[in-house]
Amino acid sequence: MPIGKTFTTLTAEEAASLIPNGAMVAVGGFTPAGTPKAVPRALARRARELHQAGEAFQVKLLSGASTGAACDDELGRAEAVSWRAPYITSAPMRELANTGKLDFVDMHLSHVAQAVMEGFLGSIDFAVVEATEITRDGRVYLTTGIGNAPTFLQCAEKVIIELNAYHSPRLREMADILVLPPPPHRSSIPIHDPLDRIGRRYAEVDPTKVIGVVHTDEPDGGRRFAAPDEASLRIADHVAEFFLREIRSRRIPPEFLPLQSGVGNVCNAVLSGLASRQEFPRFKVYTEVLQDAMLDLIASGEAIGASATALTLTTEKLKFLYENLGDFADRIVLRPQEISNNPGIARLLGVIATNTAIEVDLYGHVNSTHIMGTQLMNGLGGSGDFERNAYLSVFMCPSTAKGGRISTIVPMCSHMDHSEHSVQVVVTEQGLADLRGLSPTARVPADHRELRAPGLPGRPVSLPGGRADGAHPPRPAALLRHAPQLPRARRHAARPGPVAVRAAPCGGDAIRARRRAQESTE
Ligand code: COA
């Protein structure tokens, strides 16, 4: 006989009507994966009705990362959100942020759970979380995105569960859920391999906080990627060549290291590019979101398995996964984002991070978030969680944007998310710049040294078409001619110097032993 609370069934409208103006609402899921759908949609309808009646209605919205169209797009169009964190990809929400109608807080995604737990962001009034099941004693079996849901369930005052019948209840076989206690009560996280499991298959909630359950039956609606363009394919080629070279020169072990792959078309093209090289070893993945291309690699055996926080799949691929779940259950692990993006684990596993940039400057600083330094694109996401702590940190982007009118390689980034101290390799379709071991002077090609002046106080330099003294971003047309500089930096990197510099600090006994072992078998 089951003991515990039975839950009230609500319509989405009834659930939305319980959320007052000004409430902090935290939604489960990560990207469209596992994000609640019916309640946010009903909340947007309610906001529109209240706005038409002349009443104020806006909530603060917290999530794992971006959400689905039913959440960010609907709430954004209804102007129903006054404050938003930690990441968005929704065009309506972006427009609000860029027109001063929304306070957007761009956060490292691994930081959010702790910030919530410690009250940095204020109290969470409502958590709205999608699940396949909730038991009377408060076990919540999540769907395709774990994100911050386990923490939101623990910290929220009130909880609404969307029970989505579309999702396979067998998703729990992939879930590995652990909520870290707050400092100073933490011990090390025992993940030594991407596929290690250390937690439970469910999140937990105090059943008395659950004010209602809403029944839905709807896929996540993950977006389809465009086929890779010429530039992405060339970037993918450069990256694959580079990794193979690093393996041959034993700076990466022969079995490779866990790969983190960022969001977007370029990253998808790189994944497919790696898999198409026969000589490339089968690899494991320690990443944030598992997208279609990755599922294909796991299905074909080219990738051994993956750890992520979300299955951000198109409806077609999700169906394929559900039809073959037995084949994937022990090769995919879904974790809370505090663990999937944990900097300590990225460092311990030796993750190789591959992310996309909006612009890169001649020193190796990277802008991931702001077009021309002022217009928010999406946010930092998990790029900083990985790149700062990676074994090898690679940033990629086409060398121009907007049909060739804007150079993405600039003298000085108009906004900086990742500094020269942690960006190691930059790749465009024109080539690959290996910055490891290069001083700032060596990074800047000799005939562009004068461009360093903008960084030196009192020595502004005029560039054709705009000032580069930091007073305002140089105009794009002026920067276009600098794009072809990357291959030069690569030539610098080809010298033996940087390799020797690297070998000393990281060439421990284990690495030397590995090299000796390999040499003796060759
Ligand atoms: N100047 C002006 N516009 C630029 C630009 C630049 N330097 N670089 C890119 N853009 C524009 C593109 O033209 C495109 O515009 P459109 O939507 O109007 O076509 C848009 O920005 C997106 O660029 P696109 O080439 O389609 O990029 P993408 O889908 O590969 O995404 C990022 C690139 C950087 C926006 C994306 O990777 C991101 O948000 N990164 C930050 C978060 C992150 O790294 N997460 C992964 C962590 S695990």
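Model, not experiment: these values are computed from the prediction. (Residues numbered from 1 in each chain as written. Predicted model: local features only at pLDDT ≥ 70, side-chain atom pairs only at ≥ 80, totals over all residues. Heavy atoms only, no water.)

What surrounds the ligand is a group of 23 residues, the closest being Gln 260, Ile 358, Asn 378, Gly 379 and Lys 402. One nitrogen or oxygen atom from the side chain of Tyr 87 is found 3.3 Å from an oxygen atom belonging to the ligand. Contact distances for the ligand include 3.1 Å between a nitrogen atom and a backbone N or O atom of Ile 358. A total of 970 Å² of accessible area belongs to the ligand in isolation, and the protein chains cover 78% of it. (Near = heavy atom within 4 Å. Polar contact = N/O pair within 3.5 Å; in protein donor to acceptor, adjacent residues only side chain to side chain. Areas by Shrake-Rupley, 256 points an atom, 1.4 Å probe, with all protein chains shown as cover.)

Time to look at the pattern of salt bridges. Applying the stated criterion to the full structure yields 20 salt bridges. Here Lys 37 makes a salt bridge to Asp 220, at a shortest N to O gap of 2.9 Å. With Lys 37 in the loop between strand 1 (24–27) and helix 2 (38–52) and Asp 220 in the loop between strand 9 (210–216) and helix 7 (230–248), this pair connects stretches of sequence that are 183 residues apart. The class of Asp 220 is buried, set by a relative accessible area of 9%. Note that Glu 173 is salt-bridged to Arg 170, the shortest N-O span being 2.6 Å. A single salt-bridge network, built from bridges that share partners, covers Glu 246, Arg 251, Asp 434 and Arg 436. (Salt bridge = Lys/Arg side-chain N within 4 Å of Asp/Glu carboxyl O. Helix = DSSP H or I, 4+ residues; strand = E, 2+ residues; numbered from the N terminus. Buried < 20%, exposed > 50% of the residue type's maximum accessible area, 1.4 Å probe, protein only.)

In this section: unusual backbone geometry. In this chain, Ala 85 is followed by Pro 86 through a cis amide linkage whose omega measures 0°. Phi angles above zero are rare outside glycine, and Met 372 is one such case at about 55°. Of note, Met 372 is situated in the loop between strand 19 (370–371) and strand 20 (375–376). We classify Met 372 as partly exposed; its relative accessible area is 30%.

Here we take up the confidence of the model for the protein. Residues with a pLDDT of 70 or more make up 85% of the protein, whose mean pLDDT is 87. Long-range and interchain partners of residues 450–508, a stretch whose pLDDT sits below 50, account for 89 contacts in this model, where long-range means more than four residues apart. (pLDDT = per-residue confidence, 0-100. Contact = heavy atoms within 4.5 Å.)

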